[in-house]
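One letter stands for each residue in the lines below.
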Amino acid sequence: MLRLAPALIIALLVFPVGAGLIMVLLPAFGYLPALGGYGASLAPWQMLFAQPGLGRSMAVSFASGLISAAVALVIVVLFLAASRGTWLDRGIRRLVSPLLAIPHAAIAFGFAFLIAPSGLVARLISPSLTGWERPLDALIINDPWGLSLMAGLVLKEVPFLLLMSLAALPQLAPEKRLMLARSLGYSPTIGWLKTVLPSLYPLIRLPVYAVIAYATSVVDMALILGPKLPPTLSVSLLSWFNDPDVSHRFMASAAAVLQLGVTVAALLCWWLLEQLIRRLTRYWLTNGSRQRGEIILRLVGRSALLLSSITALAALVGLGLFSLAGFWRFPEVLPQMLTLDHWQRSGPMLSTPLINTALIGLISTALATALVLATLENEHRQHIQPKRALWLLYLPLLVPQIAFLFGLVVAAESLGIRPQLGLVIAGHLLFVLPYVYLSLAETYRRLDPRWLEVARSLGVSRSAAFWRVRLPLLLAPLLTAFAVGLAVSIGQYLPTQLLGAGRVTTVTTEAVALASGNNRRLIGVWALVQASLPLIGFMLALGLPRLLGTHRRDLAT
């Protein structure tokens, strides 16, 4: 059975993406018999290109992917180079998983509450520094160039790239490389950038590509922070897909293909930039410069990621404050009174979305964890090198969600499968599985094999050694991977919205739906609930191993 697990994972990841892309290509060229399209036609494309503001939507989507990924990557690389072994390094490493667990929509709402003209930042500096007695009349959120959207994306992409980099670094023995560089007179930051980074980047290239693909096609953050007239291409696509006029489905399909093209263009542009930077930095790597720029790079490296983390945490504080705020006049820093009214009003509405969120998250993460464990155990027993098929794990992350999910909906409708909870769980599994694998694989492979050899020498079978030795030793990373998977599921907006057709509500879909209402108190309640669910998962992941470890120590004595 274990030997079937890798094939099952590949089938689960490849088949839905492939089927979704095929089923979005056919309606894009006019073929969808269910809606009266029986022949090839370019009418959907003509209708799409006649839409006003399409070029600007594409440009904002394209720029959001490239700029946010570049800024996040620079922040992470400089932090790793400049903060190695410091208190900041240790503190951020503890925070990275909880920061990664905060859903995109919650970060977007909290960030909007910070930077809005009447937000927390404006209140902190007004009127003493600005003289503002009223909120500034400026379009900061939903700005036409998508700058606030890019900043919000950076807040979420930094923890992801940092986690991927920390997982890849042990393969490179960075301490030995840095020690060699230091013995040749290189300063710490310059030495790290010249000896470790050239080997690290190829290992995190796929996560960077995944970040670009996500940022070019994000929907939930774009609905909250992105431009409105016109919105990003992915948001326009979703509105056409949900249009009551079913003939818009053909145009939405064409737009989904166009979205795929924008993402591929962004990835191609990034690859060309990689080649350019490789050529431009070749001389710098070998010119023998040992100290130049050390102070500036160290200052930026230590402050940028700290600022990013503080902003993300401040966003959560803002959510909590707005959810409890009573009357709150600008420019007062704190509300005149705190109240639980908003929580009491939201309480009855929270129960169904909470149950659905927990059910979808627990089932999809449990399935993903079982499949990943079976695959890794098979890899260990068969001595398989996993690198050949690793890129397949990133397939659902590299292909824009909205492109192939839209095709999956069409495929399900063609097969007579109605939107339902099971379909949503299957959709979440597509995105949870890669994250659980990436979170657990490295730790699983690095477990000292002598523990299992000792167990086998005592007559224990392979299966018994797996259950009684390997799993207890890997309990902490296993629970952390489960918490990461749960957080990924909780944050999923588009799979729930499309595959559930609005009939399956979760905390995330309800929170994003409130964005159009602009009621900050209610948004604060829902976004805070959404953000707290993954944190509960991480607290359990940290606490349970200690509790069980205490029990084991009692048994040993």
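Residues numbered from 1 in each chain as written. Predicted model: local features only at pLDDT ≥ 70, side-chain atom pairs only at ≥ 80, totals over all residues. Heavy atoms only, no water.

As recorded in an unreviewed UniProt entry, the protein chain goes by ABC transporter permease subunit and comes from Halomonas alkaliantarctica. Of the comments in the UniProt record for the protein chain, the one headed Sequence similarities (unreviewed entry) reads "Belongs to the binding-protein-dependent transport system permease family." (UniProt positions renumbered as here; feature names shortened; annotations may be inferred.)

Draft legend 1. Structural detail: the overall build of the protein chain. Helices and strands together make up the secondary structure of the protein chain, namely 25 helices and two strands. A compact globule built from 557 residues should have a C-alpha radius of gyration of about 24 Å, and the protein chain, at 25 Å, falls within 12% of that. With 557 residues in all, the protein chain has 52% of them scored as buried. A separation of at least 24 residues holds for 82% of the contacts in the protein chain among residues at least 6 apart in sequence. (Helix = DSSP H or I, 4+ residues; strand = E, 2+ residues; numbered from the N terminus. Rg over C-alpha atoms; globule rule 2.2 N^0.38 Å. Buried < 20%, exposed > 50% of the residue type's maximum accessible area, 1.4 Å probe, protein only. Contact = heavy atoms within 4.5 Å.)

Draft legend 2. Focus on a nonpolar patch on the surface. Residues Ile536, Leu540, Leu544, Leu547 and Leu548 make up a contiguous nonpolar surface patch of roughly 450 Å² in combined accessible area. The residue Leu544 is located in helix H25 (residues 520–556) in this model. Judged by its relative accessible area of 35%, Leu544 falls in the partly exposed class. (Patch = residues over 30% accessible without salt bridge, like charges linked within 9 Å, V, L, I, M, F, W, Y side chains within 5 Å. Areas by Shrake-Rupley, 256 points an atom, 1.4 Å probe, with all protein chains shown as cover. Salt bridge = Lys/Arg side-chain N within 4 Å of Asp/Glu carboxyl O.)

Draft legend 3. Just the UniProt feature "domain: ABC transmembrane type-1" (unreviewed entry) in the protein chain, in detail. Here, the residues flagged by UniProt with the feature "domain: ABC transmembrane type-1" (unreviewed entry) are residues 54–269 and 354–541. Helix makes up 74% of residues 54–269 and strand makes up 0%, while its end C-alpha atoms are separated by 20 Å.

Draft legend 4. Local environment of the nonpolar core. Leu48, Leu80, Leu162, Trp192, Leu225 and Trp270 are the most contacted members of the largest nonpolar core, which totals 160 residues. Among the elements that make up this core, the one with the highest residue count is helix H19 (residues 421–446) (14 residues). When sequence neighbours within four positions are dropped, the list of residues in contact with Trp192 reads Val77, Leu80, Ala81, Leu169, Leu178, Leu197 and Leu200. (Core = buried A, V, L, I, M, F, W, Y, C linked by side-chain atoms within 4.5 Å.)

Draft legend 5. How the structure looks around empty space enclosed by the protein. In total, this model carries four cavities of 30 Å³ or more according to the counting rule given. Counted as a void, the largest cavity has a volume near 580 Å³. Around the largest cavity, the lining comprises 32 residues; the ones closest to its centre are His104, Tyr214, Gln401, Tyr435 and Gln492. Sorting the residues of the lining of the largest cavity by element identifies helix H4 (87–101), helix H7 (147–168), helix H10 (197–217), helix H17 (395–398), H19 and helix H22 (475–491) as the ones contributing at least two each. Here the residues of the lining of the largest cavity are counted per class, giving 23 nonpolar, six polar and three charged. (1 Å grid on protein atoms, 1.4 Å probe; cavity = no way out; pocket = protein on both sides within 12 Å on 5 of 7 lines; lining within 4 Å. Points joined across faces, edges and corners; volume = space filled by probe spheres on them. Nonpolar A, V, L, I, M, F, W, Y, C, P; charged D, E, K, R; others polar.)

Draft legend 6. Geometry of the layout of surface pockets. Space inside the largest pocket adds up to approximately 860 Å³. Lining of the largest pocket is provided by 32 residues; of these, Arg93, Val96, Ser97, Leu163 and Leu166 occupy positions nearest its centre. Those elements that provide at least two residues to the lining of the largest pocket are helix H3 (54–82), H4, H7, helix H8 (174–183), H19, H22 and H25. Considering only residue class, the lining of the largest pocket consists of 19 nonpolar, six polar and seven charged. The volume enclosed by the second largest pocket comes to roughly 740 Å³. If you go around the second largest pocket, you meet 20 residues; those closest to its centre are Leu197, Tyr201, Ile277, Arg278 and Thr281. Broken down by secondary-structure element, the contributors of at least two residues to the lining of the second largest pocket are H3, H10 and helix H13 (248–286). Here the lining of the second largest pocket gets eight residues from one element, more than from any other, and that element is H13. In terms of residue class, the lining of the second largest pocket is made up of 16 nonpolar, one polar and three charged.

Draft legend 7. Structural view of the packing of helix H20 (residues 450–457) against helix H21 (residues 462–473). In the contact formed by H20 and H21, the axes pass within 10 Å of each other and the chain directions differ by 140 degrees. In terms of axis orientation, H20 runs oblique to H21. Viewed along their axes, H20 and H21 form a crossing whose handedness is right-handed. Where H20 approaches H21, its residues Trp451, Leu452, Ala455 and Arg456 are matched on the opposing element by Arg462, Ala465, Val469, Arg470 and Leu473. For the contact of H20 with H21, a count of residues per class yields six nonpolar, no polar and three charged. (Axes fitted to C-alpha atoms, helices over the stretch in contact; angles between N-to-C directions. Parallel < 35°, antiparallel > 145°, perpendicular 65-115°, else oblique. Left-handed = near helix turned anticlockwise from the far one by under 90°.)

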